[in-house]
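# Observations on the model geometry
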Amino acid sequence: MMFEAFALKDGIGSEIRTDVESLLTAEVAAKVRRLLVERGVVVFKGLQLTDAQQVALARLMGSVRQEGENGIYKITLDKSANDRRDYLKGSFLWHIDGTHDEVPVFASLLTGITLSTTGGQTEFANSYGAYEALPQEMKAKIERLKVVHSVEVSMRRADIEPTEANLAFWRKFPDKTHNLVWTHKSGRKSLVIGCHASHIEGMDRDEGQKLLQDLLDWTTQPRFVYRHEWTPGDLLIWDNTGVLHRVEPYPLDCGRMMHRTTLLGEEAFA
Ligand code: OGA
Ligand code: MN
């Protein structure tokens, strides 16, 4: 059995070296899951998992969301392969997946199949670490605040054309209000912010937006961020409940193709 892990940065990210056979055992998958929760992101360089192996690993780590074909959802801006091209462009801005749900997805596994030659690197910001490092007076100030999250706001911020079809799609997602500071069952706290965070309930709009922007700037400082420079076959897994992510813009027709498997959430925003 081969398994080695080392930190990529102080506050976020670990690289894991293992072989596929070891990885697809309950014992190693459990270790990966523990590291994921502790480190926010785990990286396997050039692992080259097949789709079936990726789904098998996901099953060992949690409950797989039914999306795409047999648990593999294709992340690409190529219109012929994915009809949600406009929506996916929202991932160019810092976000958490699923803030329009009560229970956001726990984690995503992403394999790089075809990469872009420009842009397309993925960045992750540890919002557990960012919260922890906030000055005490800021923690006190934001303790009880609630944030309204809006798909439409996030799409407009990402400069996605508000065509009639797009507006109709965006408006299918009702706005959702979540605590700004999420206290997890583990006792850890993270910030529920990102491009979808529209405003703060009961606060002057501009003042609320400024506070949200300040917190986003704080969280996405280099000290809390891991930037992944993709090589073919890399597998990344991120803990969506404590980590924000974004992908550096890339040309729409560059052929970038990632295969994603998503693990269902296990804990509601609280
Ligand atoms: C996602 C996402 C980033 C990327 O799958 O939720 O934001 O690098 N992907 O494609
Ligand atoms: Mn995303």
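Residues numbered from 1 in each chain as written. Chains lettered and ligands numbered in written order. Predicted model: local features only at pLDDT ≥ 70, side-chain atom pairs only at ≥ 80, totals over all residues. Heavy atoms only, no water.

What follows deals with the overall build of the protein chain. When its secondary structure is counted, the protein chain shows nine helices and 15 strands. Its C-alpha atoms give the protein chain a radius of gyration of 18 Å, near enough to 18 Å, the size a compact globule of 270 residues would have. In terms of its C-alpha atoms, the protein chain occupies a principal-axis envelope of roughly 55 × 45 × 30 Å. Taken across its 270 residues, the protein chain has 51% of its residues classed as buried. Long-range pairs, those at least 24 residues apart, make up 81% of the contacts in the protein chain with a sequence separation of at least 6. (Helix = DSSP H or I, 4+ residues; strand = E, 2+ residues; numbered from the N terminus. Rg over C-alpha atoms; globule rule 2.2 N^0.38 Å. Buried < 20%, exposed > 50% of the residue type's maximum accessible area, 1.4 Å probe, protein only. Contact = heavy atoms within 4.5 Å.)

Once that is clear, we can look at the nonpolar core. Counting 23 residues, the largest nonpolar core has Ile142, Leu180, Ile193, Leu212, Leu215 and Leu244 as its most contacted members. Put simply, the parts of the chain that give this core at least two residues each are β9 (181–183), β11 (197–200) and α9 (205–219). With four residues, the top contributor of residues to this core is α9. Aside from chain neighbours lying at most four places away, what touches Leu180 is Ile142, Leu145, Lys146, Val147, Ser190, Leu191, Val192, Ile193, Leu212 and Leu215. If you look at the next biggest cluster of nonpolar residues, it comprises 21 residues, including Ile16, Leu36, Ala107 and Leu235. (Core = buried A, V, L, I, M, F, W, Y, C linked by side-chain atoms within 4.5 Å.)

Judged by pairing direction, the sheet is antiparallel, and its three strands sit side by side in the order β12-β6-β14 without closing on themselves. Edge positions in the sheet fall to β12 (225–228) and β14 (243–247), since each has one partner strand and no second. Adjacent strand axes in the sheet meet at a mean angle of 20 degrees, parallel and antiparallel pairs treated alike. Inspection of the sheet shows strand β6 (residues 122–126) paired to β14 by five bridges, in the antiparallel sense. Looking at β14, one finds that Ala125 is bridged to Leu244. (Pairing = 2+ DSSP bridges. Axes fitted to C-alpha atoms, helices over the stretch in contact; angles between N-to-C directions.)

So, on to the sheet that holds strand β15 (residues 257–263). Strand order across the open sheet formed by seven strands is β1-β2-β3-β13-β5-β15-β4, with mixed pairing between neighbours. Edge positions in the sheet fall to β1 (3–7) and β4 (73–75), since each has one partner strand and no second. Shown here is a sheet whose adjacent strand axes are inclined to one another by a mean of 25 degrees, direction ignored.

Surveying the vicinity of ligand 1 reveals the residues Ile75, Ser91, His95, Asp97, Leu110, Thr122, Trp238, His245, Val247, Arg256 and Arg260. One nitrogen or oxygen atom from the side chain of His245 is found 3.1 Å from an oxygen atom belonging to ligand 1. Between ligand 1 and Arg256 there is a distance of 2.9 Å, counted from an oxygen atom to a side-chain nitrogen or oxygen. Considering ligand 1 on its own, with 290 Å² of exposed area, one finds that the protein chains cover 97% of that surface. Of the residues that constitute the shell around ligand 1, the class distribution is four nonpolar, four polar and three charged. (Near = heavy atom within 4 Å. Polar contact = N/O pair within 3.5 Å; in protein donor to acceptor, adjacent residues only side chain to side chain. Areas by Shrake-Rupley, 256 points an atom, 1.4 Å probe, with all protein chains shown as cover. Nonpolar A, V, L, I, M, F, W, Y, C, P; charged D, E, K, R; others polar.)

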